[in-house]
Amino acid sequence: MKMLLLLTISVLLGMCSNQVSNPESSSASPDGDMNVKEISLAEPSPLDPNTPPPPPPPKANTRVEQKLIRTADMSIEVDDYNDTRKELNTIFRKFSAQLSQEREQSLDYRIENQLVIRVKPVLLDSLIEAIGLIASDIDHKNITSEDVTRQYVDLESRLASKRAVIAQYQELLKSAKKISDILDINEKLNAVIEEIESVEAQLRTLRDQVQLSTLTLPTFPTPIRENSIFDIDHQEYPKFSD
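Residues numbered from 1 in each chain as written. Predicted model: local features only at pLDDT ≥ 70, side-chain atom pairs only at ≥ 80, totals over all residues. Heavy atoms only, no water.

Some details on the overall build of the protein
Assigned secondary structure in the protein consists of 6 helices and 5 strands. In the protein, the succession of α and β elements from N to C terminus is α-α-β-α-β-β-α-β-α-α-β. Taking all 242 residues of the protein together, the buried fraction comes to 23%. A separation of at least 24 residues holds for 77% of the contacts in the protein among residues at least 6 apart in sequence. (Helix = DSSP H or I, 4+ residues; strand = E, 2+ residues; numbered from the N terminus. Buried < 20%, exposed > 50% of the residue type's maximum accessible area, 1.4 Å probe, protein only. Contact = heavy atoms within 4.5 Å.)

In structure tokens:
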């Protein structure tokens, strides 16, 4: 009886020692799957103030608006330039067009009046159609469209980059102590400022060309056709008797 009791106690002690030496066996689920609680303890807690915030989600690609420069030139003949000029003024007001230049020059056999008109791109076609209705003849008409989207985006990107460089130089200037360092930073700063002014000028010109189309309009008086010596006036002459 004592031997049986000692054997039972030794078996129980052995089972206890196995559980202490192998703690993973005690955390196994009845289905045999590992408990992931111990693995998740190694992950940082979302409430931990020392945990860095997650990175922001990537920005969606924004579609860049297409930038087009529309220009046109149109040559017309008119019966009376003074009357036509008044009609043109009425058309310009109707389409909110701007007369940016007017030039008159004498050619060999006629006078040319050249007008340069600025108008919104969406109204350019309608403006040209209205002018064609008051002309006695249209010598030629040409409309072009140039896509400058890539050039526009490139200038804006260069401008933003150079402004960031300006900010860096200004910070360096605050911490500079030697006169030589201050002079060197100022020289580099002025060079970048000049580059920014150049890029800004290019961008202003491009914006102006995109926002307003340009129409060049030479006008000529309708030429008066003279009778050629080869033209025969078919008329009957009186007959003389012998």
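Digging into the environment of L88
The residue L88 is located in helix 3 (residues 81-94) in this model. Judged by its relative accessible area of 0%, L88 falls in the buried class. If we ignore the near neighbours within four places in the chain, the residues touching L88 are L115, I131, I134 and L217.

Description of a negative patch on the surface
A cluster of acidic side chains, namely D79, D80, D83 and E87, defines a negative patch on the protein surface. With respect to the element layout, D80 can be found in the loop between strand 1 (68-78) and helix 3. The class of D80 is partly exposed, set by a relative accessible area of 34%. (Patch = residues over 30% accessible without salt bridge, like charges linked within 9 Å, V, L, I, M, F, W, Y side chains within 5 Å. Areas by Shrake-Rupley, 256 points an atom, 1.4 Å probe, with all protein chains shown as cover. Salt bridge = Lys/Arg side-chain N within 4 Å of Asp/Glu carboxyl O. Lys, Arg positive; Asp, Glu negative; His and termini not counted. Charge placed at Lys NZ, Arg CZ, Asp CG, Glu CD.)

What about unusual backbone geometry?
Look at S96: it is not a glycine, yet its phi comes out positive at around 55°. Mapped onto the fold, S96 is located in the loop between helix 3 and strand 2 (98-106). With a relative accessible area of 56%, S96 lands in the exposed category.

Side note on the side chain of R118
The residue R118 is located in strand 3 (residues 111-119) in this model. Engagement of the side chain of R118 in a polar contact is seen with the backbone oxygen of D208, the distance being 3.2 Å. Side-chain polar atoms of R118 contact the backbone oxygen of L212, separated by 2.9 Å. In this view, R118 contacts A97, Q98, S100, D208, Q209, L212, S213 and T214; residues no more than four positions away in its chain are not counted. (Polar contact = N/O pair within 3.5 Å; in protein donor to acceptor, adjacent residues only side chain to side chain.)

Brief notes about the packing of helix 3 against helix 4 (residues 124-134)
Where helix 3 contacts helix 4, the two axes come as close as 10 Å, and the packing angle between them is 155°. Between helix 3 and helix 4, the angle is such that the two are roughly antiparallel. The interaxial crossing formed by helix 3 with helix 4 has right-handed handedness. On the side of helix 3, the interface is formed by T84, E87, L88, I91 and F92, while helix 4 contributes L127, A130, I131 and I134. When grouped by side-chain class, the residues that make up the contact of helix 3 with helix 4 number 7 nonpolar, 1 polar and 1 charged. (Axes fitted to C-alpha atoms, helices over the stretch in contact; angles between N-to-C directions. Parallel < 35°, antiparallel > 145°, perpendicular 65-115°, else oblique. Left-handed = near helix turned anticlockwise from the far one by under 90°. Nonpolar A, V, L, I, M, F, W, Y, C, P; charged D, E, K, R; others polar.)

Regarding the packing of helix 5 (residues 149-175) against helix 6 (residues 179-211)
Following both chains from N to C, one finds helix 5 and helix 6 inclined at 160°, their axes separated by 9 Å at the closest point. Here helix 5 lies roughly antiparallel to helix 6, going by the angle between them. Helix-helix and strand crossings are classified by hand; for helix 5 and helix 6 the assignment is left-handed. Across the contact of helix 5 with helix 6, the residue classes tally to 17 nonpolar, 3 polar and 8 charged.

Considerations on the pairing of strand 5 (residues 213-221)
The sheet contact formed by strand 1 and strand 5 spans 6 bridges and is parallel. Following the sheet pairing, I76 is matched in strand 5 by T219. With 7 bridges joining them, strand 3 and strand 5 adopt antiparallel strand pairing. Looking at the pairing, I117 lines up with L215 of strand 5. (Pairing = 2+ DSSP bridges.)

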